[in-house]
Amino acid sequence: MQTTIVGYPRLGAQRELKKYTERYFRGEITQAELLGSAEKLKEAQWLRQREKGLDISPVNDFSFYDNMLDTAWLLNITPERYQRLDLPALDVYFAMARGYQRDGQDVRALKMRKWFNTNYHYLVPEIETGVKPEIQPDKLFQECAAAEKLGLSYRPALIGPYTFLRLSLNKSGKSLAVLAAELAAAYGAVFSSLAAYRCEYIQLDEPALALDLTAEDAALFERIYLPLLADKHGKKILLQTYFGDIRDIYAKVRLLDFDAIGLDLVEGGRNLELLEQYGFPGAQKLYAGLISGKNIWLNDYQKSLAVIGRLAKTVAREQLVLTTSCSLLHVPYSVRYEHKLAEKYKEQLAFAEEKLEELRILKTLAKNPDAEILRRNQEIILARQNDPDFLNAGVREQARQAAAEIVRRPGFAGRQIKQQGVLNLPLLPATTIGSFPQTPEVRGWRRDYKQGRLSAAEYKDRIKDKIKTLIALQEELDLDVLVHGEYERNDMVEYFGEHLQGFIFTENGWVQSYGTRGVKPPLIFGDVARPESFTVEWIKYAQSLTAKPVKGMLTGPVTILNWSFPREDIPLSQIAYQIALAIQAEVLDLEKNGIKIIQIDEAALREKLPLRRADWQDYLDWAIKAFRLTHYLVKPETQIHTHMCYSEFEDIIEALKALDADVLTVEAARSDLTLLASLVDYGGYVGPGIYDIHSPRVPSVDELVSILEKMCSKLDAAKLWVNPDCGLKTRTENEAIASLRNMTAAAARMREKVYHLAKSK
Ligand code: GLN
Ligand code: ZN
């Protein structure tokens, strides 16, 4: 039995690659320096993998930005707008990733989308007319050469052609069949170039096989692979799947001439059954994904051994390779870098490096089970489940009861009249999504406060001063519903986790979100509860400064859950209900303190929507219930808002309605009219963002008026709110102020127009 992994993180344990790359973007280091430091980083990681006992390392799992982009690059699928740029190759690559705006050259970046059900984002390749895939010299081959120089036992990995095609944008006008043939030829050329290297296997990642597949999809897969597998240029091919089972194609795949198949046995619900039902070809290897690549808890060896035992009935031991369920890209580097966490927490955790160790131990245990190791492993796992610091029987019980019906009364129409009576808002009320720019000054205060250089009282005073200035500013800007600016929050999830029981935090638990950006998800360690209110003081203070309504700002339960590493001993729905109860307490406290509008953000509601349609309803049911649990007890007069950071609604609009929020604000500036069409029958008020906050650009009043006109032509003006796409946290103060000034001016002009129109009717 051998061990391997599907892939490894690449930003560097101290986020070195992020730092080098960003320095390169700023022009502080040369291309040679960037490439040199990346080489060192990669080498160190490979050596560490070998030292930890890994038998085979994947290479080319590394990327300067993203593996989908790398694959497009390798196959020379570069849209014309980038080819025209007069730049060195690496800069053209980065232009595809980030856009390019300098010296009169101006191109948009490729679109970015979520990678299956993870918080990682990939770049969407565009296949244009006239572009015929062909391979160009690339890091794939350089990495193979580097691995050979180190004497490493390695396997090049790349995104497989089926997944590549499925996730790309076809702008070529060619049929899928034609593209399939072209891609097969291009991958064939890659195989042929790899023939010169010593690796035995080539790994092709095909996570798209875990999606729902139609008969045509399966046929397309075969169409690409049949010619490819007919000439492997002396290499063996590993078909690596992950993020779920491959129920729609296993029966077929098993008959194709793959030399190995990688199956996710953590998230891959039916994979084991499929193996048992259809069997596994005796001549192939099975890469058994037993160690979770998505979560950070210690592996339960007893469970893993049980799966190995079950596998043994269909697969001979010599055919088994132990691996991870997916790439370790989605977990942090190592628990070694956690200096503040107590031992009792650290021993519960396995990040990428610890997972290498787990593979080694599992391999040994599979040969001869060591009772002592198993006992100790169980002891640690049980300790977490019964940790008295994290056990809250009351909350558990309440969350279990939460399954009952949760309905806010009266319905939307009845509430609307009462709310307007209290709020007295103009037509097209103008507001923001919550955060205002987190200036270096504000971040400096927080840093000083956390490091003890600023007292709690002093810190609070400074934040309150900032809030005071912001309230005055918003009045001057003529916004109708104000916010406190979220200055006290480092991050919308972390801040909540820090004030709730049940969470623990890492110092260095960074996970790549996209490109050079990392996030540090909190860990949901035990039962969640709210010891005391933590937003009321700020919001109440802000409200005391103005006669206009100030929105209470909260993060919703599904978003908190989806942007954390969840515990695994109770269902996700129960964790969501526990968080919801904590948020509910905060909602009711805000209301009690005179706050009339409360916004509960569900930025990430869609993020963990299951890959298969059949599983959607179950997820949406509990997600909706959790959200409703937070607000169903408020008075009819209290207006509930929610905000979402994406614009794909058509397929979940019913679920959004069911959230029963009075006002829904969404990202819209970069999307087309189809979004507006799907909002037509939302029921409540809607605020599709009228400008893009991800860009430093300040939109003109005219431009904003024409957007509002477009919106009013599709949606009832009486139900529209006017707001930006998302929070303003990442903008500078000047950009935010200039844009908002134009936004409220545009709202005023649009109001005039609507009155005029009404009069003339
Ligand atoms: N209220 C949050 C903010 O304005 C919402 C952020 C988000 O949707 N990601 O920052
Ligand atoms: Zn948002």
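Our structure's up above, just so we're on the same page.
Residues numbered from 1 in each chain as written. Chains lettered and ligands numbered in written order. Predicted model: local features only at pLDDT ≥ 70, side-chain atom pairs only at ≥ 80, totals over all residues. Heavy atoms only, no water.

1. Remarks on the overall build of the chain
How we decide: Secondary structure follows DSSP: runs of H or I at least 4 residues long count as helices, runs of E at least 2 residues long count as strands, and numbering of each begins at the N terminus. Here the globule rule reads 2.2 Å times residues to the power 0.38, and the radius of gyration is calculated from C-alpha atoms. Relative accessible area decides the class of each residue, using a 1.4 Å probe on protein chains only: under 20% of the type maximum gives buried, over 50% gives exposed, and in between gives partly exposed. Whether two residues are in contact is decided by their heavy atoms: any pair within 4.5 Å suffices. The Shrake-Rupley method, run with a 1.4 Å probe, gives the accessible areas here. Residue values count only the displayed protein chains as cover.
Within the chain one finds 28 helices and 23 strands. The C-alpha radius of gyration computed for the chain amounts to 27 Å, which stays within 12% of the reference 27 Å derived for 761 residues, consistent with globular compactness. For the chain, the C-alpha atoms occupy an extent of roughly 75 × 65 × 50 Å along the three principal directions. When burial is assessed residue by residue, the chain has 60% of its 761 residues classed as buried. If you take every contact in the chain between residues at least 6 apart in sequence, the share linking residues at least 24 apart comes to 78%. When the accessible area of the chain is evaluated, it comes to approximately 30,100 Å², of which 51% is carbon and sulfur surface.

2. Here we look at the sheet that holds strand E21 (residues 639-644)
Spelled out, the test is: Pairing between two strands is assigned when DSSP locates at least 2 bridges connecting them. Lines fitted to C-alpha atoms define the axes, with helix axes restricted to the stretch in contact, and inter-axis angles between N-to-C directions lie between 0 and 180 degrees.
Pairing is parallel in the open sheet, where five strands are placed in the order E19-E20-E21-E22-E23. Of all the strands in the sheet, just strand E19 (551-555) and strand E23 (685-688) have a single pairing partner and so form its edges. Across the sheet, the axes of successive neighbouring strands diverge by a mean angle of 20 degrees, strand direction being ignored. Here E19 runs beside strand E20 (residues 597-601); their pairing, made up of five bridges, is parallel. The residue bridging Met553 from the neighbouring strand is Gln599, located in E20.

3. Here we look at the site of ligand 1
Under the convention used in this document: Near is defined per residue: the residue qualifies when any heavy atom it owns lies within 4 Å of the molecule or strand. Side-chain atoms alone can form a polar contact between residues adjacent in sequence; in general such a contact is a pair of N or O atoms within 3.5 Å, and within protein one must be able to donate a hydrogen while the other accepts it. Think of it as three bins: nonpolar holds Ala, Val, Leu, Ile, Met, Phe, Trp, Tyr, Cys and Pro, charged holds Asp, Glu, Lys and Arg, and polar takes everything else, Gly as well.
In the region of ligand 1, the neighbouring residues are Ile433, Gly434, Ser435, Glu486, Met492, Asp601, Ala603, His643, Cys645, Cys726 and Gly727. Ser435 is positioned with one of its side-chain polar atoms (N or O) 2.7 Å from an oxygen atom of ligand 1. Within the contact set of ligand 1, an oxygen atom lies 3.0 Å away from a side-chain nitrogen or oxygen of His643. Alone, ligand 1 offers 290 Å² of accessible surface; in the complex the protein occludes 90% of this. Among the residues forming the shell around ligand 1, the class breakdown is five nonpolar, four polar and two charged.

4. Quick look at the environment of Gly244
Inspection of the secondary structure puts Gly244 in the loop between strand E11 (236-240) and helix H10 (250-253). The spacing of Gly244 and Arg270 is 26 residues in sequence and 8.3 Å in space, taken between C-alpha atoms. Setting aside residues up to four positions removed in sequence, Gly244 forms contacts with Ala210, Asp264, Glu267, Gly268 and Asn271.

5. What about helix H24 (residues 616-631)?
For clarity, the threshold we go by: A helix is expected to span 1.5 Å for every residue after the first.
With 16 residues, H24 should reach 22 Å at 1.5 Å per residue; the first-to-last C-alpha distance of 23 Å fits that figure. Of all the residues in H24, the buried ones are Trp616, Tyr619, Leu620, Trp622, Ala623, Ile624, Ala626, Phe627, Leu629, Thr630 and His631.

6. Side note on the side chain of Ser37
Turning to its location among the elements, Ser37 is positioned in helix H2 (residues 31-51). You can call Ser37 buried: its relative accessible area is 12%. For Ser37, the side chain forms a polar contact with the main-chain oxygen of Leu34, separated by 2.9 Å.

7. Structural notes on helix H21 (residues 536-544)
When H21 is considered as a whole, its buried residues turn out to be Val536, Trp538, Ile539, Tyr541, Ala542 and Gln543. At its buried positions, H21 is contacted by helix H19 (456-477), helix H20 (494-499), E19 and helix H23 (572-592).

8. Quick notes on the pairing of strand E12 (residues 260-264)
Within E12, five of the five residues are buried, leaving the element largely enclosed by the surrounding structure. Where burial is concerned, the two faces of E12 agree: the one with Ala260, Gly262 and Asp264 and the one with Ile261 and Leu263 are both buried. Summarising the sheet, E11 and E12 pair through three bridges and their orientation is parallel. Opposite Gln240, over in E12, you have Gly262 as the bridge partner. Where E12 meets strand E13 (residues 285-291), five bridges bridge the pair, whose relative direction is parallel. Bridge assignment links Ile261 to a residue of E13, and that residue is Leu286.

9. Let's talk about the coordination of the zinc ion (ligand 2)
Counted only if it meets this: With water excluded from the atoms, a metal site may look incomplete; its donors are any N, O or S atoms within 2.8 Å, or within 3.2 Å for Na, K and Ca. The geometry test gives tetrahedral to four donors whose angles all lie between 85 and 135 degrees, gives square planar to four donors and octahedral to six donors whose opposite members are over 155 degrees apart with all other angles between 65 and 115, and gives irregular to the rest.
The coordination sphere of the zinc ion (ligand 2) contains the protein donors His643 (NE2), Cys645 (SG) and Cys726 (SG), at a distance range of 2.0 to 2.2 Å. Of note is the zinc ion (ligand 2), whose four donor atoms meet at the metal with angles of 81 to 121 degrees in an arrangement that counts as irregular. The sequence pattern formed by the donor residues of the zinc ion (ligand 2) is H-x1-C-x80-C. One end of the pair, Cys645, is in the loop between E21 and helix H25 (653-658); the other, Cys726, is in the loop between helix H27 (701-714) and helix H28 (733-760), and 81 residues separate them in sequence.

10. Details of the sheet that holds E12
The parallel open sheet is built from eight strands, whose spatial order is E1-E14-E13-E12-E11-E10-E8-E2. At either end of the open sheet lies a strand with only one pairing partner, and these are strand E1 (2-3) and strand E2 (57-59). The pairing of strand E8 (residues 154-159) with strand E10 (residues 201-205) spans three bridges and is parallel. Following the sheet pairing, Ile159 is matched in E10 by Asp205.

11. Re the packing of helix H11 (residues 271-278) against helix H12 (residues 301-311)
So the rule is basically this: In these notes the angle categories are as follows: under 35 degrees is roughly parallel, over 145 is roughly antiparallel, 65 to 115 is roughly perpendicular, and the rest is oblique. Two helices cross in a left-handed way if the nearer one is turned anticlockwise from the farther one by less than a right angle. They cross in a right-handed way if the turn is clockwise.
One can describe the packing of H11 onto H12 by two numbers: an axis separation of 11 Å at closest approach and a directional angle of 15 degrees. Our classification of the angle between H11 and H12 gives roughly parallel. Note on packing geometry: the crossing formed by H11 with H12 is left-handed. Contact with H11, carried on its side by Leu272, Glu273, Leu275 and Glu276, involves Val307, Arg310 and Leu311 of H12 and no other residues of that element. Residues that form the contact of H11 with H12 fall into these classes: four nonpolar, no polar and three charged.

12. Observations concerning the nonpolar core
Basically, it comes down to this: The term nonpolar core refers to a set of buried residues drawn from Ala, Val, Leu, Ile, Met, Phe, Trp, Tyr and Cys, joined through side-chain atoms within 4.5 Å.
Of all hydrophobic cores here, the largest spans 112 residues; its most connected members are Trp115, Phe221, Tyr225 and Phe258. In terms of residue count, the dominant contributor to this core is helix H8 (residues 176-194) (nine residues). Residues contacting Phe221, with those up to four places away along its chain left out, are Tyr162, Glu206, Leu209, Leu239, Ile249, Val253, Leu256 and Phe258. Counting 105 residues, the second-largest nonpolar core is a separate cluster that includes Val528, Met553, Phe627 and Cys712.

13. Here we look at the packing of aromatic side chains
Selection criterion: Stacked, tilted and edge-to-face are the three classes assigned to paired rings of Phe, Tyr and Trp, where Trp is represented by its six-membered ring and a pair needs centres within 6.5 Å; plane angles under 30 degrees give stacked, over 60 edge-to-face, the rest tilted. Only lysine NZ and arginine CZ atoms are considered, and such an atom sits over a ring when it is within 6 Å of the ring centre and within 35 degrees of the ring normal.
What the rule picks out here adds up to 28 aromatic pairs. Each residue in the set Tyr24, Phe25, Phe62, Phe64, Trp73, Tyr93 and Phe94 is aromatic and connected to the rest through ring pairs, giving one cluster. The ring centre of Phe25 lies 3.5 Å from the NZ or CZ of Arg98, which sits over that ring. Over the face of the ring belonging to Tyr541 we find Lys464, whose NZ or CZ atom lies 5.2 Å from the ring centre.

14. Details of the pattern of salt bridges
Let me state the cut-off plainly: Any carboxyl oxygen of Asp or Glu within 4 Å of a side-chain nitrogen of Lys or Arg constitutes a salt bridge here.
Following the criterion strictly, the structure yields 60 salt bridges and no others. Among the ionic pairs, Asp389 bridges to Lys344, the shortest N-O distance being 2.8 Å. You can see Asp389 sitting in the loop between helix H15 (371-385) and helix H16 (393-401) and its partner Lys344 sitting in helix H13 (residues 343-346), a full 45 residues away along the chain. A relative accessible area of 54% means that Asp389 is categorised as exposed. Where Glu709 meets Lys753, a salt bridge forms, and the shortest distance between an N and an O atom there is 2.8 Å. Of the two residues, Glu709 sits in helix H27 while Lys753 sits in helix H28, which places them 44 residues apart along the sequence. By relative accessible area, which is 33% here, Glu709 ends up partly exposed. On the accessibility criterion, Lys753 (34% relative accessible area) is partly exposed. Overlapping salt bridges bring together Asp212, Asp245, Arg247, Asp248 and Arg612 as one network.

15. Some points on unusual backbone geometry
Pro410 follows Arg409 through a cis peptide bond whose omega is -5 degrees. Inspection of the secondary structure puts Pro410 in the loop between H16 and helix H17 (412-423). Its identity is not glycine, yet Asn60 carries a phi of approximately 75 degrees, on the positive side. Positionally, Asn60 belongs in the loop between E2 and helix H3 (67-74).

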